[in-house]
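Okay, here's what each chain looks like letter by letter:
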Amino acid sequence: MRVGVLTGGGDCPGLNAVIRGIVRRGVQEYGYEFVGFRDGWKGPLEGLTMELGIPQVRGILPRGGTILGSSRTNLVKIDGGIERTEENLRKLGIDALIAIGGEDTLGVATTLTEHGFHVIGVPKTIDNDLSGTDYTFGFDTAVSIATEAIDRLHTTAESHHRILICEVMGRHAGWIALHSGMAGGANAILIPEVEFDLDEVIGWVESRFKASYAPIIVVAEGAMPLGGQMVTKDQTLDSFGHVKLSGIGEWLAQQVEERTGHEARTTVLGHIQRGGSPTAFDRVLATRFGLNAIEAVKDEAWGTMVALHGTDIVRVPLQLATGTLKTVPMERYEEAKSFFG
Ligand code: F6P
């Protein structure tokens, strides 16, 4: 059996741990051969490969990023993209492909499955917004990084009696904001799922100052004021058609400063949340996903994705990951609201 492996979309701590799990079990237990595809779907599209065996996966468990490289190349939007990919996979003698990615990468995987190709999916995103799995690896690392940042912001905010705003990733889902804001004791958490009322935010800020503390607001990049719009960096789109977000933190700082007379500053965590070494939780989850993905290849469970249900790794149809986004349920947001203000 010759198995291709690729990582697509935004990188995520734990990708290397998945690759290592796949290759170690695949070679040791089943004697499979592996082909590493470079840079997401660009690899199979253009025939860009790298050697992938035990020597290539030695020492990569704690390393961030992906040894395979990543991109947001979208085969479905490229004229003849699927056909060229299928031809390359055939020429390279690939019997099965493991695609590690988020909604978009797994969407392409679903299309290839519909064309009869043997694909297994592994869910990945720091945003934790993929349906079909309780958690994705990378999320715990991003939350840990953001929590540490919020802890640090508390002490400097209090020294200067400032409002400090921490903008975190989360385009349509506020999981990172919710978890890091809760863990870091934020005074307000603003998420894309709930349009925020600026007057209410001002109220929380003022009550925090009255209690002689300095307010910390955690805002997801996709959060919006009532009746407002997402704040984007510019109008350019990536290959999956997404605009670049960021700017809501700065906008909020201006508003809050004008309305309260207290100085407000914003820290945008950006790609710091995605880089570097995965936490122990993410290393274990990613390793288990890798081991189970190769079992799915052995069982010829084509068109499925490995997923975490409770503490078990299960298989679900690939389409589940690409259907509806898993957003923050209102009851989870209500819990966090007990600490606002
Ligand atoms: O990995 C997903 C994500 O973190 C989104 O929350 C964010 O909008 C996006 O990646 C930014 O990625 P990039 O800068 O690579 O386009």
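A brief look at the structure comes next.

Analysis parameters
- Residues numbered from 1 in each chain as written.
- Predicted model: local features only at pLDDT ≥ 70, side-chain atom pairs only at ≥ 80, totals over all residues.
- Heavy atoms only, no water.
- Near = heavy atom within 4 Å.
- Polar contact = N/O pair within 3.5 Å; in protein donor to acceptor, adjacent residues only side chain to side chain.
- Domains from an automatic or database assignment.
- Axes fitted to C-alpha atoms, helices over the stretch in contact; angles between N-to-C directions.
- Helix = DSSP H or I, 4+ residues; strand = E, 2+ residues; numbered from the N terminus.
- Parallel < 35°, antiparallel > 145°, perpendicular 65-115°, else oblique.
- Left-handed = near helix turned anticlockwise from the far one by under 90°.
- Contact = heavy atoms within 4.5 Å.
- Pairing = 2+ DSSP bridges.
- Salt bridge = Lys/Arg side-chain N within 4 Å of Asp/Glu carboxyl O.
- Buried < 20%, exposed > 50% of the residue type's maximum accessible area, 1.4 Å probe, protein only.
- Phe/Tyr/Trp six-rings, centres within 6.5 Å; stacked < 30°, edge-to-face > 60°.
- Lys NZ or Arg CZ within 6 Å of the ring centre and 35° of its normal.

Topic: the site of the ligand
- In the vicinity of the ligand, the contacting residues are Arg72, Ile126, Asp127, Met169, Gly170, Arg171, Glu221, His271 and Arg274.
- With respect to the ligand, the side chain of His271 contributes an N or O atom lying 2.6 Å from an oxygen atom.
- The side chain of Arg274 places a nitrogen or oxygen atom 2.8 Å from an oxygen atom of the ligand.
- Built from parts of two domains, the shell around the ligand gets at least three residues from each of domain 1 (2-137 + 278-322) and domain 2 (141-274).

Description of the packing of helix α8 (residues 198-210) against helix α9 (residues 248-260)
- One way to put it is that α8 packs onto α9 with a least axis distance of 10 Å and a crossing angle of 65°. Between α8 and α9, the crossing angle belongs to the class labelled roughly perpendicular. Where α8 crosses over α9, the two elements pack in a sense that is right-handed. Mapping the contact onto sequence places Leu198, Asp199, Ile202, Val205 and Glu206 in α8 and Trp251, Leu252, Gln255, Val256, Arg259 and Thr260 in α9.

Quick look at the sheet that holds strand β3 (residues 49-51)
- Taken in spatial order, the 7 strands make up an open sheet running β3-β2-β1-β4-β5-β12-β13, and their pairing is mixed. The open sheet has two free edges, formed respectively by β3 and β13 (312-317), since each of these has just one partner strand. Each neighbouring strand pair of the sheet contributes to a mean axis angle of 30°, computed without reference to strand direction.
- Where strand β1 (residues 2-7) lies against strand β2 (residues 33-37), 4 bridges are found, and the strand directions are parallel. For Val5, the partnering residue across the bridge sits in β2 and is Gly36.
- Relative to the sheet, helix α10 (residues 280-298) contacts β1, β2, β4 (96-101), β5 (119-123), β12 (304-309) and β13, its axis offset from that of β12 by approximately 140°.

Quick notes on the pattern of salt bridges
- Within the structure shown, the criterion is met by 12 salt bridges.
- Between Asp11 and Arg274 there is a salt bridge, and its shortest N-O distance comes to 3.0 Å. With Asp11 in the loop between β1 and α1 (15-30) and Arg274 in the loop between β11 (264-268) and α10, this residue pair connects regions lying 263 residues apart in the sequence.
- According to the relative accessible area criterion, Asp11 is partly exposed, its value standing at 24%.

Description of the side chain of His154
- Turning to its location among the elements, His154 is positioned in helix α6 (residues 139-160).
- The class for His154 is buried, based on a relative accessible area of 14%.
- Polar side-chain contacts of His154 include one of 3.5 Å to the backbone oxygen of Gly185.
- With sequence-adjacent residues up to four places away left out, His154 is seen in contact with Gly184, Gly185 and Ile216.

Thoughts on the packing of aromatic side chains
- Scanning all chains against the criterion turns up 7 aromatic pairs.
- Where Tyr135 meets Phe139, the ring centres are 6.0 Å apart and the plane angle is 25°; that geometry is what we call stacked.
- By relative accessible area, which is 30% here, Tyr135 ends up partly exposed.
- On the accessibility criterion, Phe139 (4% relative accessible area) is buried.
- Between Tyr333 and Phe340 the ring centres are 5.9 Å apart and the planes differ by 70°, which places this aromatic pair in the edge-to-face class. Here the two residues Tyr333 and Phe340 agree in accessibility, since each one is buried.
- Among the aromatic residues, ring-to-ring pairing joins Tyr135, Phe139 and Phe281 into one connected group.
- Taking the ring centre of Trp175 as reference, the NZ or CZ of Lys326 above it sits at 5.9 Å.

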